[in-house]
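# Structural description and commentary
Now for the letters of each chain:
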Amino acid sequence: GAVVSQHPSWVICKSGTSVKIECRSLDFQATTMFWYRQFPKQSLMLMATSNEGSKATYEQGVEKDKFLINHASLTLSTLTVTSAHPEDSSFYICSVDGERREQYFGPGTRLTVT
Amino acid sequence: AQSVTQLGSHVSVSEGALVLLRCNYSSSVPPYLFWYVQYPNQGLQLLLKYTTGATLVKGINGFEAEFKKSETSFHLTKPSAHMSDAAEYFCAVSDSGGYNKLIFGAGTRLAVHP
């Protein structure tokens, strides 16, 4: 499968600030990427589907103005959490829609909002 | 709508014992089924998947799963547990249409004790 990286792996930010998380597909052209969030000891919840060169598709209940997704190239998608609040603290994981129905997952980014 | 139910949020086995992690799904179309493993603070790694063909699927690290349509199940097994198998395991389903959205179960934490 593809190698997917995320940066940063861990970020702490103050309430009210914005933070950007990068997801890079290192060896696979990622037309479609997915963003998930995972609360402690819980499952992954799909937030949005990111398509290269077009607007992201958000899942029901996800605020598109709060979680800005940009997928400007076949190797990079970014998730920006705007005006972060403590309840946004979570583990954010991206994945690349790959071959043979597989998704290739990044290592995740832990966001802590103080 | 598709959904996944994993019976047992925690499973504990002795080293060398059989591992059985249960997964049942609901889907109105032929499903694609996956098992992923997650180690602490890491992304997900694909263990195995069922798309079409043989219903007994073999994956990495000695794991296998059997798709049983009549029981809408896709249970994960391993004949002999190893300490390194301790992790969180997620069952996931996507439909056989063109879109590869994954719906995850709640996860099962596997503990392996000496």
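Residues numbered from 1 in each chain as written. Chains lettered and ligands numbered in written order. Predicted model: local features only at pLDDT ≥ 70, side-chain atom pairs only at ≥ 80, totals over all residues. Heavy atoms only, no water.

This part is about the pairing of strand β9 (residues 90-97) of chain A. The two faces of a sheet get side chains in turn, since along a regular strand they alternate between them. Residue and element names in this part refer to chain A. Counting buried residues along β9, seven of its eight residues qualify, which places the element largely inside the surrounding structure. In terms of strand pairing, strand β4 (residues 32-38) meets β9 through six bridges, oriented antiparallel. When the sheet's bridge partners are listed, W35 is paired in β9 with C94. Both β9 and strand β11 (residues 109-113) contribute to a ladder of three bridges, which runs antiparallel. Within the sheet, the bridge partner assigned to Y92 lies in β11 and is T109. Between β9 and strand β10 (residues 103-105), which pair antiparallel one after the other, the connecting turn spans five residues, and R100 there sits at a positive phi close to 55°. (Buried < 20%, exposed > 50% of the residue type's maximum accessible area, 1.4 Å probe, protein only. Helix = DSSP H or I, 4+ residues; strand = E, 2+ residues; numbered from the N terminus. Pairing = 2+ DSSP bridges.)

On the side of chain A, 22 residues touch chain B, which itself brings 24 residues to the contact. For the pairing of chain B and chain A, the buried interface totals around 1,700 Å² over both sides, and the portion due to carbon and sulfur atoms is 48%. Connecting chain B to chain A are two salt bridges. Across the pair E59 of chain A and K101 of chain B runs a salt bridge, and its minimum N-O distance is 3.1 Å. The interface formed by chain B and chain A contains six residue pairs in polar contact (both at pLDDT 80 or more). The set of elements that each furnish at least two residues to the side of chain B that touches chain A consists of β5 (31-38), β6 (44-50) and β10 (87-95) of chain B. Of all the elements, β5 of chain B adds the most residues to the side of chain B that touches chain A, at four residues. (Contact = heavy atoms within 4.5 Å. Buried area = accessible area lost by both parts, 1.4 Å probe. Salt bridge = Lys/Arg side-chain N within 4 Å of Asp/Glu carboxyl O. Polar contact = N/O pair within 3.5 Å; in protein donor to acceptor, adjacent residues only side chain to side chain.)

Before going further, it helps to spend a moment on the packing of aromatic side chains. The full count for this structure, using the stated rule, is 12 aromatic pairs over all chains. Plain terms: the ring middles of F90 of chain B and F104 of chain B are 6.2 Å apart, the flat faces sit at 90° to each other, and that makes the pair edge-to-face. Highlighted residues: F90 of chain B in strand β10 and F104 of chain B in strand β11 (residues 103-104), separated in sequence by 14 residues. Here the aromatic cluster, defined as three or more aromatic residues joined through ring pairs, consists of Y36 and F105 of chain A together with F34, Y36, F90 and F104 of chain B. (Phe/Tyr/Trp six-rings, centres within 6.5 Å; stacked < 30°, edge-to-face > 60°.)

Geometric values such as these leave the question of function open.
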